[in-house]
Amino acid sequence: MKHTELRAKFKQFFESRGHVWVASAPLLPKDDPSVLFTVAGMQQFKPYFVGVKDVQRDFHSDKTVSIQKCFRTADIDDVGDNTHLTFFEMLGHFAFGNAVSKKEAIDLAWEFLTDTQWMGIDPTRISATYYNGNRVGTSADTESQAALEGLSGLTQISAHPDSDNFWGPTGDEGPCGPNVEFYVDGVEVWNSVFNEFYCHPDQSLTPSPTGLGVDMGTGFERLLVAVNKMTHLFETDVLSPLIGMLSALPEKSQRIIADHIRGTVFLMADHVRPSNKEEGYVLRRILRRLLIHLRNSGVALEDLIDKVIEIFGSVYPELLQEQDHIKQFAREEADKFSRTLDAGENELNKLLTKTSRLDGETAFMLFSTYGLPIDFIKEKATVDEKGFDTAFAKHQAISRAGVEAKFGGHGLAAGATISEADTAKITRLHTATHLLHKALKTILGEDIHQAGSDINPERARFDFNFERKLTDAEIKSVEDWVNDKIRCGFQVTKDTLPYDEAIAKGAYAFFKEKYPDMVDVYTIYNGNSGEVISQELCGGPHVADSSQLGTFKIIKEQSSSAGIRRIKAVLE
């Protein structure tokens with residue numbers, strides 16, 4: 001079975017059972033600062049499981065189905081074996097507020113997996129597990145047990161503790177519950193989670209306030225392996241065409257390149273660009289790691305990118321739309337890295353004439369001074385990785401200390417000593433950046449998001465995602481928009497709300513931040529009409545009225561890094 005057929009069958013099956021198709025969310029999760037990337041199919045549906053958003057209002061159904069693109073960083077070092085991937089897709093169906101019972105969910109799974117119209121997997125290859133009730137405040141999931149025992153042809157059923165068959169919550173609290181897992185030839189291919197509890201911060205459980213929720217997920221590539229009776233993920237037709245281009249290389253290199261080029265293309269299509277911070281650092285790491293294995297192979301980076309887009313372009317049109325940008329930024333990073341490798345490798349080779357083992361400080365020196373990735377160093381020498389991590393953490397601590405007195409480093413919130421006059425200037429500039437953020441979204445597009453900021457008494461610096469230089473007309477439009485809102489004298493208020501409620505109200509969150517359960521929301525609004533001009537999660541401080549800001553002026557607009565623009569602005 002080809003990947004396109006599996007996609008079509010999964011969608012057709014669940015739509016025929018009353019589920020509404022929902023397109024994949026981006027790899028950069030919207031308004032969810034708890035993770036860097038989208039890591040599961042249920043992630044975009046989290047607000048519906050806790051009742052913060054109304055599934056009927058948004059989807060006109062209480063049952064949804066999706067195929068979600070996902071990226072997980074924990075397995076980067078393990079890629080190269082038969083089972084680990086960074087980028088993958090997840091099949092999922094979801095039901096809210098008792099729309100689907102446990103038995104119905106289990107019956108749906110069995111029909112899709114075994115019926116010859118769908119996956120047609122021989123029932124003798126399948127085993128199933130359910131929850132045994134060992135956790136305090138719960139009991140054995142006898143409802144699921146009975147449903148499994150009623151399936152014709154399923155003979156391998158076993159009960160397991162919460163370490164295996166009780167899911168959630170994500171974080172300190174949230175929806176959770178027992179789950180049923182189906183295995184084919186000993187490999188998990190289907191996981192139905194029954195969110196019937198809410199876990200509180202003290203780990204106590206109460207019944208879910210929104211009723212039973214069903215959260216099912218399965219690895220797309222895993223199911224392809226099972227259906228086609230393959231031995232590993234890299235035989236599937238979402239990866240084998242890439243492997244075929246790399247046949248002259250060692251098997252491990254083939255797999256690392258195939259996985260990492262796929263992840264690179266999808267991250268770049270969602271506007272992640274190589275950098276030394278967070279999402280950009282992960283992209284840079286996998287791109288540079290694949291370039292190490294691709295070095296001197298004769299295979300062109302651009303040809304691999306084209307092959308990924310050829311495989312997935314009909315499914316994810318954003319790949320086709322971003323194809324030129326993906327190739328441009330990937331080539332720029334490859335050229336930069338090639339120069340880094342040449343200089344750093346020369347220094348590393350000098351060290352290796354004296355020893356084959358590098359201590360952590362030396363390895364970090366190669367990384368910090370020459371930009372040589374730890375993965376590359378490990379290919380050449382034995383490295384004290386704990387020592388490297390310690391040196392890295394020490395470097396980060398020093399860097400943070402250097403910016404602590406700046407507002408961008410949360411100096412005001414942390415109690416740094418700043419004069420009253422400077423505090424007033426910073427406060428005004430801070431409020432102005434909220435208006436700037438909204439102006440950019442209004443004039444350049446809603447997909448604009450903040451990528452960093454730094455404020456001192458003299459100026460505000462604001463970074464945001466955008467692929468090109470702003471025109472003079474666009475800069476003037478942004479200035480005029482902000483100054484118009486300043487002149488109107490709009491009110492600025494603060495409310496403290498649960499994080500999910502704030503997001504549901506439409507407040508912008510800086511996706512790189514980690515937010516507490518209760519957050520401050522600053523709203524700039526028209527006191528006469530009630531119109532909301534800007535609404536953001538923020539630690540403050542702010543002025544009480546926009547008329548206190550003065551005149552907003554952009555003094556510089558420039559590139560910060562690939563795909564990121566930087567504005568410097570003042571208030572006159």
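The structure this text deals with has already been given above.
Report follows, based on the coordinates. (Residues numbered from 1 in each chain as written. Predicted model: local features only at pLDDT ≥ 70, side-chain atom pairs only at ≥ 80, totals over all residues. Heavy atoms only, no water.)

Across its full length, the chain carries 20 helices and 20 strands. Taken against the 2.2 N^0.38 rule, which gives 25 Å for 572 residues, the C-alpha radius of gyration of the chain at 26 Å falls within 12% of a compact globule. When the backbone C-alpha atoms are referred to their principal axes, the chain occupies close to 75 × 70 × 45 Å. Relative to its 572 residues, the chain shows a buried fraction of 52%. Within the chain, contacts between residues at least 6 apart in sequence are counted, and of these 66% link residues at least 24 apart. Split by element, the accessible area of the chain, about 25,000 Å² in all, is 48% carbon and sulfur. For the chain, the separation between the mean place of its 62 positive charges and that of its 83 negative charges on side chains is 6 Å. (Helix = DSSP H or I, 4+ residues; strand = E, 2+ residues; numbered from the N terminus. Rg over C-alpha atoms; globule rule 2.2 N^0.38 Å. Buried < 20%, exposed > 50% of the residue type's maximum accessible area, 1.4 Å probe, protein only. Contact = heavy atoms within 4.5 Å. Areas by Shrake-Rupley, 256 points an atom, 1.4 Å probe, with all protein chains shown as cover. Lys, Arg positive; Asp, Glu negative; His and termini not counted. Charge placed at Lys NZ, Arg CZ, Asp CG, Glu CD.)

Once that is clear, we can look at the packing of aromatic side chains. Within the structure shown, the criterion is met by 31 aromatic pairs. Taking the ring centre of Tyr508 as reference, the NZ or CZ of Lys441 above it sits at 4.5 Å. In this structure, Lys485 is placed above the aromatic ring of Trp481, and the distance from its NZ or CZ to the ring centre is 4.0 Å. (Phe/Tyr/Trp six-rings, centres within 6.5 Å; stacked < 30°, edge-to-face > 60°. Lys NZ or Arg CZ within 6 Å of the ring centre and 35° of its normal.)

This part is about the layout of surface pockets. In this approach, a probe sized like a water molecule rolls over the atoms, and the result shows the empty space that is left. Of the voids in this model, the second largest pocket is the one considered here, and its volume is about 280 Å³. Of all the secondary-structure elements, those providing two or more residues to the lining of the second largest pocket are strand E8 (187-195) and helix H7 (220-228). It is H7 that provides the largest number of residues to the lining of the second largest pocket, a total of 3 residues. Taken together, the residues of the lining of the second largest pocket sort by class into 7 nonpolar, 4 polar and 4 charged. (1 Å grid on protein atoms, 1.4 Å probe; cavity = no way out; pocket = protein on both sides within 12 Å on 5 of 7 lines; lining within 4 Å. Points joined across faces, edges and corners; volume = space filled by probe spheres on them. Nonpolar A, V, L, I, M, F, W, Y, C, P; charged D, E, K, R; others polar.)

Before going further, it helps to examine empty space enclosed by the protein. Throughout the structure, instances matching the rule amount to 1 cavity of 30 Å³ or more. A volume near 40 Å³ is recorded for the largest cavity. Taken together, the residues of the lining of the largest cavity sort by class into 3 nonpolar, 6 polar and no charged.

A separate point is the pattern of salt bridges. Applying the stated criterion to the full structure yields 34 salt bridges. With a shortest N-O distance of 2.5 Å, Arg273 and Glu467 are connected by a salt bridge. In this pair, Arg273 sits in the loop between helix H9 (251-269) and helix H10 (278-294) while Glu467 sits in the loop between strand E15 (460-465) and helix H19 (472-488), placing the two residues 194 residues apart along the sequence. In this structure, the salt-bridge partner of Asp480 is Lys476, at a minimum N-O distance of 2.8 Å. Placement of both Asp480 and Lys476 in helix H19 is noted, with a separation of 4 residues, approximately one turn of the helix. Relative accessible area serves as the criterion here: at 37%, Asp480 is assigned to the partly exposed category. In this structure, a network of salt bridges that share partners links the residues Arg295, Asp342, Glu345 and Lys380. (Salt bridge = Lys/Arg side-chain N within 4 Å of Asp/Glu carboxyl O.)

For the rest of this paragraph, the subject is the pairing of strand E3 (residues 87-95). For E3, a buried count of 9 out of 9 residues is recorded, marking the element as mostly surrounded by other parts of the structure. In this structure, strand E2 (residues 63-71) lies alongside E3, joined through 9 bridges in antiparallel fashion. Within E3, the residue paired with Lys63 across the bridge is Ala95. Of the pairings in the sheet, the one linking E3 to strand E11 (residues 213-219) comprises 6 bridges and is antiparallel in character. Note on E11: the bridge partner recorded for Leu91 is Thr218. (Pairing = 2+ DSSP bridges.)

The subject of this paragraph is the side chain of His93. For His93, the position within the fold is in strand E3. A polar contact of 3.5 Å, which involves the side chain of His93, links it to the side chain of His19. For His93, the contacting residues outside a window of four places in its chain are Phe10, Phe14, His19, Thr64, Val65, Leu108, Trp190, Val214, Asp215 and Met216. (Polar contact = N/O pair within 3.5 Å; in protein donor to acceptor, adjacent residues only side chain to side chain.)

Turning next to H19. The end-to-end C-alpha distance of H19, which contains 17 residues, comes to 24 Å, matching closely the 24 Å that a straight helix rising 1.5 Å per residue would cover. Along H19, the residues that are buried comprise Glu474, Ile475, Val478, Glu479, Trp481, Val482, Asn483, Lys485 and Ile486. Trailing H19 by a residue or two, Gly489 shows a phi angle of about 65°, which is positive. (Expected span 1.5 Å × (residues − 1).)

Right, let's talk about the sheet that holds strand E14 (residues 450-455) for a bit. As summarised here, the arrangement of the 4 strands in space is E14-E15-E20-E19, forming an open sheet in which the pairing is antiparallel. Whereas interior strands pair on both sides, the edge strands pair on one side only; in this sheet they are E14 and strand E19 (552-561). If you compare each strand with its neighbour and ignore which way they point, the axes differ by 20° on average. In this sheet, strand E20 (residues 564-571) lies alongside E15 in antiparallel orientation, the contact comprising 6 bridges. Pairing of Arg461 across the sheet is with Lys568, part of E20. (Axes fitted to C-alpha atoms, helices over the stretch in contact; angles between N-to-C directions.)

The subject of this paragraph is unusual backbone geometry. Even without being glycine, Asp185 reaches a positive phi, approximately 55°. Along the polypeptide, Asp185 turns up in the loop between strand E7 (174-184) and E8. In this structure Asp185 comes out as exposed when scored by relative accessible area, which is 54%. Even without being a glycine, Lys229 presents a positive backbone phi close to 55°. Mapped onto the elements of the fold, Lys229 is located in the loop between H7 and helix H8 (240-245).

Let us look at the nonpolar core. The biggest cluster of nonpolar side chains holds 114 residues, and the ones touching the most others in it are Phe182, Trp190, Leu223 and Leu301. Ignoring anything within four residues of it in the chain, the contact list for Leu301 reads Ile261, Leu287, Leu290, Leu291, Leu294, Ala330, Arg331 and Ala334. Membership of the second largest hydrophobic core comes to 28 residues, among which are Ile448, Trp481, Ile524 and Ile533. (Core = buried A, V, L, I, M, F, W, Y, C linked by side-chain atoms within 4.5 Å.)

With respect to burial, E8 is a largely interior element, 7 of its 9 residues being buried. Here E7 pairs with E8 via 6 bridges, running antiparallel. Within E8, the position partnered with Asn179 by the bridge is Val193. What sits between E7 and E8 in their antiparallel hairpin is a turn of 2 residues, with Asp185 showing a positive phi close to 55°. As judged from the 5 bridges shared by E8 and E11, these two strands associate in the antiparallel manner. Its bridge partner being in E11, Val193 is matched across the sheet by Asp215.

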